[in-house]
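The primary structure of each chain is shown beneath.
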Amino acid sequence: MRYESAALEEWMRLYYFSAEIDIGSSGVEDYSLADLRRLLGVEPEELDAITLRDSTSLGGAEVRAAVADRWGTGDPERVMVTHGASEAIYLVLSTLLDPGDEIVALEPSYHSLTSVAQTLGCAVRGWPLRAEDGYVPDLGLLRQLINDRTKAVVVNFPHNPTGATLTPAQRDELVAVTADAGVHLVWDQAFRELTHDGEPLRDPGHDHPRAISIGTLSKGYGLPGLRVGWCLADPDLLGRTLHLRDRMTLHLSPLVEFLAARVARGADRLLAGRLAQARRNLEVLRQWMRDNADVADMVEPRGGVCAFPRLRGHDDTTELCHRLAREHQVLLVPGACFGDPARVRLGFGGPAEPFARGLDLLGKVLHV
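Now for a quick tour of the structure. (Residues numbered from 1 in each chain as written. Predicted model: local features only at pLDDT ≥ 70, side-chain atom pairs only at ≥ 80, totals over all residues. Heavy atoms only, no water.)

Further remarks concern unusual backbone geometry. Following Glu107, the chain continues to Pro108 via a peptide bond in cis, the omega torsion being -5°. Along the chain, the position of Pro108 falls in the loop between β3 (102-107) and α6 (112-119). Across the junction of Phe157 and Pro158, the peptide omega takes the value -15°, indicating a cis bond. Positionally, Pro158 belongs in the loop between β5 (150-156) and α8 (168-181). (Helix = DSSP H or I, 4+ residues; strand = E, 2+ residues; numbered from the N terminus.)

This next bit is on empty space enclosed by the protein. Following the criterion strictly, the structure yields three cavities of 30 Å³ or more and no others. In this model, the largest cavity occupies a volume close to 100 Å³. Along its surface, the largest cavity is lined by 17 residues, and Trp71, Gln189, Arg192, Gly215 and Trp230 are the ones closest to its centre. Secondary-structure elements contributing two or more residues to the lining of the largest cavity are β7 (211-216) and β8 (229-232). In terms of residue count, β7 provides more of the lining of the largest cavity than any other element does, four residues in total. The residue makeup of the lining of the largest cavity, split by class, is nine nonpolar, five polar and three charged. (1 Å grid on protein atoms, 1.4 Å probe; cavity = no way out; pocket = protein on both sides within 12 Å on 5 of 7 lines; lining within 4 Å. Points joined across faces, edges and corners; volume = space filled by probe spheres on them. Nonpolar A, V, L, I, M, F, W, Y, C, P; charged D, E, K, R; others polar.)

A few words now on the pairing of β7. β7 sits mainly inside the fold: six of its six residues count as buried. Neither face of β7 is exposed, since Ala211, Ser213 and Gly215 on one face and Ile212, Ile214 and Thr216 on the opposite face are all buried. Note: strand β6 (residues 184-188) against β7, four bridges, orientation parallel. Within the sheet, the bridge partner assigned to Trp187 lies in β7 and is Ser213. The pairing of β7 with β8 spans four bridges and is classified as antiparallel. By the bridge assignment for β8, Thr216 is matched with Gly229. (Buried < 20%, exposed > 50% of the residue type's maximum accessible area, 1.4 Å probe, protein only. Pairing = 2+ DSSP bridges.)

Two descriptors summarise a pair of aromatic rings, namely the distance from one centre to the other and the angle between the planes of the rings. One pass over the structure, following the stated rule, counts six aromatic pairs. With 5.1 Å between their ring centres and 65° between their planes, Trp11 and Tyr15 make a pair best called edge-to-face. With Trp11 and Tyr15 both in helix α1 (residues 7-15) and four residues apart, the pair spans about one turn of that helix. Look at Phe308 and Phe338: their rings are 6.0 Å apart centre to centre, the planes differ by 80°, and that puts the pair in the edge-to-face class. A residue pair is termed long-range when its members are at least 10 positions apart, and Phe308 in the loop between β10 (306-307) and β11 (310-311) and Phe338 in the loop between β13 (333-334) and β14 (344-347) qualify at 30 residues. Note on accessibility: Phe308 and Phe338 belong to one class, buried. Taken together, the aromatic side chains of Trp71, Tyr221 and Trp230 make up a single cluster linked through ring pairs. Taking the ring centre of Tyr31 as reference, the NZ or CZ of Arg274 above it sits at 3.8 Å. (Phe/Tyr/Trp six-rings, centres within 6.5 Å; stacked < 30°, edge-to-face > 60°. Lys NZ or Arg CZ within 6 Å of the ring centre and 35° of its normal.)

So, on to the nonpolar core. Counting residues in hydrophobic clusters, the biggest one holds 122 residues, and the most contacted among them are Trp127, Leu142, Val155, Leu174, Leu217, Leu223 and Leu285. Counting residues per element, this core draws most heavily on helix α11 (residues 267-291), at nine residues. Not counting residues up to four positions away in its chain, the partners in contact with Leu223 are Tyr31, Leu36, Leu217, Ser218, Val263 and Leu270. (Core = buried A, V, L, I, M, F, W, Y, C linked by side-chain atoms within 4.5 Å. Contact = heavy atoms within 4.5 Å.)

Turning our attention to the side chain of Thr178. Structurally, Thr178 is set in helix α8. For Thr178, a relative accessible area of 0% translates into the label buried. Of note is the side chain of Thr178, whose polar atom sits 3.2 Å from the side chain of His208. (Polar contact = N/O pair within 3.5 Å; in protein donor to acceptor, adjacent residues only side chain to side chain.)

Moving on, we get to helix α12 (residues 318-328). Turning to α12, its buried residues are Thr318, Leu320, Cys321, His322, Leu324 and Ala325. Residues of α12 that are buried sit in contact with α1, β11, β12 (330-331), β13, β14 and α13 (352-366). Immediately beyond the C-terminal end of α12, within one or two residues, lies Gln329, with a positive phi of roughly 55°.

Residue position: Pro351 is located in the loop between β14 and α13. Separated by 330 residues in the primary sequence, Pro351 and Ile21 place their C-alpha atoms 9.6 Å from one another. The contacts of Pro351, once residues within four sequence positions are left out, are Glu29, Gln277 and Asn281.

Two numbers describe how α11 lies on α13: the axes approach to 10 Å, and their chain directions differ by 15°. As judged from the angle between their axes, α11 and α13 are roughly parallel. Where α11 crosses over α13, the handedness of that crossing is right-handed. Contacts between α11 and α13 involve Asn281, Val284, Leu285 and Trp288 on the former and, on the latter, Ala352, Phe355, Leu359, Asp360, Leu362, Gly363 and Leu366. Its residues assigned to classes, the contact of α11 with α13 comprises eight nonpolar, two polar and one charged. (Axes fitted to C-alpha atoms, helices over the stretch in contact; angles between N-to-C directions. Parallel < 35°, antiparallel > 145°, perpendicular 65-115°, else oblique. Left-handed = near helix turned anticlockwise from the far one by under 90°.)

Here it is as structure tokens:
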């Protein structure tokens, strides 16, 4: 199998570590280990007691139970912990799909949610989210896209990069459509608890026998460097992923599992401050959009910590984003990384002061 380069990851390699101001990423402000210890009450003696031996293939009992209780159905047998959501996506789609299968996937989309299927020789039928519709998912169109060859519907809500999400009624309809069609529902829930106008949506594993949920500590919990994700699915499917995992990563570190379990049990303590910060930044972004309506417009993000605004007068924002990074040390992601070059992914999950400075610099560049 040959994978083409992932445009988003290539862009982040160019500028993520060198930029002084980040208004392009899709997560909240990072926590330090000292922050974790303080917020979760982790004592040095507990860390010292960890033996750095192998863990089990699906994850240790403690971390699986903690993830199941916080984000799943309460059944740890339906949990596998992984090296971030990326490993979960790769393991699940590689195990689930065969050459010639079809999937239906949102457009635009995070690259792994479609590229793994394409590399396996599967067809991808796009389920577009359209700005002119306010990025509201068209469930009637989804019904038309599913056919006899469809193996799975692949979604991520709240959505990266648009910030779109579902109402509870739309969530129930999506679950019913896929369950009635007898297809898998693969739901990347990286931004599940980052909501701005409602409660987090109920995990589809509660009412869809073929639901597969994927989550991570990278986005809403400020722990991308911990590299912890998970997959919630039927135990038989999880077991079948191990044929591939045995040839890749084998398992997580017990040190990482210990911290992940404590995070899952105390997730609200990490989430509350970061979500409040993101909502304050979102209000700053709304005002910036009003003040700069001559050069930019956006559909209001309802979840996550990124928006997908259009920059007027730029059919392709790539050169503008290069200029921001090279001349002003500001990270902004061009929409070409998501197949819509006239837009940018604008992240509002970081610290308030640099976020406001980044917006100010963007406005000045747009008005030159």
